[in-house]
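This is what each chain is made of:
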Amino acid sequence: MSEPESDRMIEAEPGSNRDSGRPPRARRGRHDDDDAPPEEIVAIPLRHPWRNVVAVLLVLGLAVFVLDAAQRSDYGWPDVGKYIFDRRISQAAWVTLWLTIYAMIGAIVIGLLLAIMRLSPNPVLKSIAWLYIWIFRGTPVYVQLVFWGIVSLIYPVFTLGIPFMDPWVTIPNEVFTNLFITAVIGLALNEAAYMSEIVRAGLLSVDEGQEEASTALAMSWGQTMRFVVVPQAMKIIIPPTGNEVISMLKTTSLVAAIPLSIDLYGVSRGISAVTFTPVPLLIVASLWYLLFTSILMVGQHFIEKRFSRGTGRVKTGKEPATPGPAAVPGEPAPPISTDFGGKG
């Protein structure tokens, strides 16, 4: 195209709007573009058809199982309703609950001592703690409970004195003849090995600079652990500890190895041996275990929420804050937010 033709086309371009009947488009400068509000982005969610198909199949499978179980006489639903609130079952449920509480208290205390020993610079204490954890974590809890059940046969009396000489003190072994106390000791000693690692991991999660800063503020070791280290370590310790409590509640069913038969599983098994209805009594015991574990899970949720404050991970259920008004040129920008956290 020659140069004169191009000039004529450029000159004729503004008139093209008049010829077409459209008003001329106003030219927008750079400042007009800056003042214009941003265009809204319309996000189209992706579709997941297979996810919906799998969900429908799972719901249908669950519904089929429930309907089949409701119609199957082998489950013995009338016997389930008969024994669910039986006095013997309810008393056994309380025994199971107290077994869990006592065993976890002992496990937490012993586990805390073992964790401190593992973190001690003393090689003897560290080695003894490591040996304890190695033994109790490396052997099945059922085998340990069987051993504690026959300790009274191995050690009928406890003696104190010099070896190969007459004992100074002889104490009859009346501790391990009480099966309830034996069960608490066996469960606590086994769980302490796991609790020690949980506590040690929580203490190690706190930065060493926290202890150094506390020392610089003339705080004692006890004050440092109480006000600085332990509160920060609790958000690491609480979740697995809650899981261990729930696991301990279910592990109490193994005390039949001692043998202790007054717990929930032992009593339900004894009743089923007389009535020849094992399946309904197993369902009854399972329902009581589900009740206790559900209560513990709710308590664990609120405890985790309490110790997660200030970490940015707690969910308050509030909607995300809406963005503030846009800044106007020539005027001071509005504050970003007036919420600085805290209860007020």
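As shown above, the structure is provided for reference.
Note that the coordinates shown come from a computational prediction; the quantities given were computed from them, not determined experimentally. (Residues numbered from 1 in each chain as written. Predicted model: local features only at pLDDT ≥ 70, side-chain atom pairs only at ≥ 80, totals over all residues. Heavy atoms only, no water.)

J.: Help me understand the overall build of the chain, please; the structure alone is not making it clear to me.
T.: Within the chain, the regular secondary structure consists of 14 helices and 2 strands. Here the analysis covers contacts within the chain between residues at least 6 apart in sequence; of these, 69% occur between residues at least 24 apart. For the chain, the exposed surface amounts to about 25100 Å²; the carbon and sulfur share of it is 65%. (Helix = DSSP H or I, 4+ residues; strand = E, 2+ residues; numbered from the N terminus. Contact = heavy atoms within 4.5 Å. Areas by Shrake-Rupley, 256 points an atom, 1.4 Å probe, with all protein chains shown as cover.)

J.: Is there a simple way to think about the packing of helix H6 (residues 87-119) against helix H14 (residues 278-307) in this case?
T.: Helices that pack against each other are described as a pair by the angle of their axes relative to one another and the distance between those axes. Where H6 contacts H14, the axes come no closer than 11 Å and their chain directions differ by 45°. For the element pair H6 / H14, the angle class is oblique. Here H6 and H14 pass one another in a crossing that is right-handed. When H6 is examined against H14, the residues Ile89, Ser90, Ala93, Thr96 and Leu97 are found in contact with a partner set consisting of Leu281, Val284, Trp288, Tyr289 and Phe292. Along the lines of polarity and charge, the residues of the contact of H6 with H14 split into 8 nonpolar, 2 polar and no charged. (Axes fitted to C-alpha atoms, helices over the stretch in contact; angles between N-to-C directions. Parallel < 35°, antiparallel > 145°, perpendicular 65-115°, else oblique. Left-handed = near helix turned anticlockwise from the far one by under 90°. Nonpolar A, V, L, I, M, F, W, Y, C, P; charged D, E, K, R; others polar.)

J.: Looking at this model, I keep getting lost on unusual backbone geometry. Mind explaining?
T.: Trans is the common state for peptide bonds, and a negative phi is the common state for residues other than glycine. Going from Ile258 to Pro259, the amide bond is cis rather than trans, its omega being 10°. Mapping Pro259 onto the fold places it in the loop between helix H12 (221-251) and helix H13 (264-275). The phi angle at Ala218 is positive, at roughly 65°, despite the residue not being glycine. By relative accessible area, Ala218 is classed as exposed at 69%. (Buried < 20%, exposed > 50% of the residue type's maximum accessible area, 1.4 Å probe, protein only.)

J.: Hey, could you run me through a nonpolar patch on the surface in this one?
T.: On the surface, Phe147, Ile150, Leu153, Ile154, Tyr155, Phe158, Leu160, Ile162, Met165, Trp168, Val169 and Ile171 cluster together into a nonpolar patch covering about 1200 Å² of accessible area. Contributing elements (two or more residues each) for the nonpolar patch: helix H9 (151-154), strand S1 (157-160) and strand S2 (169-172). Turning to its location among the elements, Leu153 is positioned in helix H9. The exposed category is assigned to Leu153, whose relative accessible area is 70%. (Patch = residues over 30% accessible without salt bridge, like charges linked within 9 Å, V, L, I, M, F, W, Y side chains within 5 Å. Salt bridge = Lys/Arg side-chain N within 4 Å of Asp/Glu carboxyl O.)

J.: Would you take a moment to explain the environment of Ser261 for this structure?
T.: Note on placement: Ser261 falls in the loop between H12 and H13. Of the residues examined, Ser261 reaches a relative accessible area of 47% and is grouped as partly exposed. In sequence terms Ser261 and Phe180 are 81 residues apart; their C-alpha atoms lie 9.6 Å from each other. What Ser261 contacts, discounting residues up to four positions off in sequence, is Gly266 and Val267.

J.: Teacher, can you tell me more about the environment of Glu208 here?
T.: Along the chain, the position of Glu208 falls in helix H11 (residues 208-216). When the C-alpha positions of Glu208 and Val229 are compared, they lie 9.4 Å apart, and in sequence the two are 21 residues distant.

J.: Looking at this model, I keep getting lost on the environment of Asp74. Mind explaining?
T.: Counting through the fold element by element, Asp74 comes out in the loop between helix H4 (49-71) and helix H5 (77-83). By relative accessible area, which is 57% here, Asp74 ends up exposed. Measuring from C-alpha to C-alpha, the distance between Asp74 and Pro280 comes to 8.5 Å, with 206 residues separating the pair along the chain.

J.: Quick question: what am I supposed to make of the packing of H6 against helix H10 (residues 179-204) here?
T.: Interaxial distance between H6 and H10 falls to 5 Å at its minimum, and their mutual angle equals 45°. It follows from the interaxial angle that H6 and H10 lie oblique. Judged by the sense of rotation from one axis to the other, the crossing of H6 with H10 is right-handed.

J.: Hey, could you run me through the side chain of Thr252 in this one?
T.: Along the chain, Thr252 turns up in the loop between H12 and H13. For Thr252, a relative accessible area of 0% corresponds to the buried category. A polar contact of 2.5 Å, which involves the side chain of Thr252, links it to the backbone oxygen of Leu249. Dropping the residues within four chain positions of it, Thr252 is found in contact with Thr96, Leu99, Thr100, Leu187, Asp263 and Tyr289. (Polar contact = N/O pair within 3.5 Å; in protein donor to acceptor, adjacent residues only side chain to side chain.)

J.: Hey, could you run me through a negative patch on the surface in this one?
T.: On the surface, Asp207, Glu208, Glu211 and Glu212 cluster together into a negatively charged patch. Mapping Asp207 onto the fold places it in the loop between H10 and H11. Residue classification places Asp207 among the exposed residues on the basis of a relative accessible area of 53%. (Lys, Arg positive; Asp, Glu negative; His and termini not counted. Charge placed at Lys NZ, Arg CZ, Asp CG, Glu CD.)

J.: What should I look at first to understand the packing of aromatic side chains in this one?
T.: Given two aromatic rings, one states the distance between the centres and the angle between the planes to describe the pair. In the structure shown here, the tally under the stated rule is 8 aromatic pairs. Both rings, one in Trp130 and one in Trp134, keep their centres 6.0 Å apart while their planes meet at 5°; by these two values the pair is stacked. Of this pair, Trp130 and Trp134 both sit in helix H7 (residues 123-138), separated by 4 residues, roughly a single helical turn. Judged by centre distance (5.7 Å) and plane angle (5°), the rings of Trp148 and Phe176 are stacked. Separated by 28 residues along the polypeptide, Trp148 in helix H8 (residues 141-149) and Phe176 in the loop between S2 and H10 bring together distant segments of the chain. Here Trp148 and Phe176 have matching classes, each one buried. (Phe/Tyr/Trp six-rings, centres within 6.5 Å; stacked < 30°, edge-to-face > 60°.)

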